[in-house]
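# Architecture at a glance
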Amino acid sequence: MVFAPRVAPNQPFTATISQVQQSSGINAEYGEYHDDIYQKTLSEALDKGLDTECMGGGRIRFDAQKKDIFVYGYSVGYGRADHKRTVELIRSKYPDYNVHWSNEGY
């Protein structure tokens, strides 16, 4: 999975962090429910014969103009993702961005 959002300034998207076999990835989409996003991840993994587990959810605010990515919140159904780990994954793809997180908010 690759964190490659469709950019809409300051519009938060729902995100899940999933463990697929031996690697972690973020699936970020514009959507109302974390489960909708995870079910897409699960379907793609199963089509490839891979095992997956949702490790939690949250929201991501992506501002391309300011080069700022903010991770926050939680999933009612899956709980809070490890935002520190999420930020590490995002920073690996966006090293020139200010990527930060908070456990506050929904």
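Anything mentioned here points back to the structure above.
Please read all numbers here as calculations on a predicted model, not as lab measurements. (Residues numbered from 1 in each chain as written. Predicted model: local features only at pLDDT ≥ 70, side-chain atom pairs only at ≥ 80, totals over all residues. Heavy atoms only, no water.)

## A closer look at the overall build of the protein chain
Along the protein chain, the regular secondary structure elements total 2 helices and 5 strands. Each helix and strand of the protein chain, ordered N terminal to C terminal, gives the series β-β-α-β-β-α-β. For the protein chain, the residues scored as buried account for 43% of the 106 residues in total. Considering only residue pairs separated by 6 or more positions, the protein chain has 57% of its internal contacts joining residues 24 or more positions apart. Surface summary for the protein chain: the accessible area is close to 6100 Å², and the carbon and sulfur share equals 46%. (Helix = DSSP H or I, 4+ residues; strand = E, 2+ residues; numbered from the N terminus. Buried < 20%, exposed > 50% of the residue type's maximum accessible area, 1.4 Å probe, protein only. Contact = heavy atoms within 4.5 Å. Areas by Shrake-Rupley, 256 points an atom, 1.4 Å probe, with all protein chains shown as cover.)

## A few points about the pattern of salt bridges
Per the stated rule, a full pass over the model turns up 1 salt bridge. A salt bridge links E88 to R85; the nearest nitrogen and oxygen atoms lie 3.4 Å apart. Of this pair, E88 and R85 both sit in helix 2 (residues 83–93), separated by 3 residues, roughly a single helical turn. Owing to a relative accessible area of 32%, R85 belongs among the partly exposed residues under this scheme. (Salt bridge = Lys/Arg side-chain N within 4 Å of Asp/Glu carboxyl O.)

## Some details on helix 2
Burial in helix 2 covers these residues: H83, T86, V87, L89 and I90. Viewed end-on, helix 2 has its buried residues packed into an arc of 160 degrees, placing them on one side of the element. Counted as exposed and oriented over 90 degrees from the buried face of helix 2: K84 and S92. One side-chain oxygen of the residue at the start of helix 2 lies 3.1 Å from the amide nitrogen of K84, identifying that residue as D82. (Arc of directions from axis to C-beta. Polar contact = N/O pair within 3.5 Å; in protein donor to acceptor, adjacent residues only side chain to side chain.)

## Description of the nonpolar core
Counting residues in hydrophobic clusters, the biggest one holds 10 residues: A15, I60, F62, I69, V71, V87, I90, Y94, Y97 and V99. Within the residue set of this core, elements represented by two or more residues are strand 3 (52–63), strand 4 (68–72) and helix 2. Ignoring any residue separated from it by four or fewer positions in sequence, one finds V99 in contact with I69, V87, I90, R91 and Y94. (Core = buried A, V, L, I, M, F, W, Y, C linked by side-chain atoms within 4.5 Å.)

## Points about the packing of aromatic side chains
With the rule as written, the count across this model stands at 5 aromatic pairs. Relative to Y97, the ring of Y94 has its centre 5.1 Å away and its plane inclined at 75 degrees; by these criteria the two rings are edge-to-face. Among the residues examined, Y97 registers a relative accessible area of 19% and is labelled buried. (Phe/Tyr/Trp six-rings, centres within 6.5 Å; stacked < 30°, edge-to-face > 60°.)

## Section: a nonpolar patch on the surface
Together, Y74, V76 and Y106 make up a nonpolar patch on the protein surface, roughly 310 Å² of accessible area in all. With respect to the secondary-structure elements, V76 resides in the loop between strand 4 and helix 2. (Patch = residues over 30% accessible without salt bridge, like charges linked within 9 Å, V, L, I, M, F, W, Y side chains within 5 Å.)

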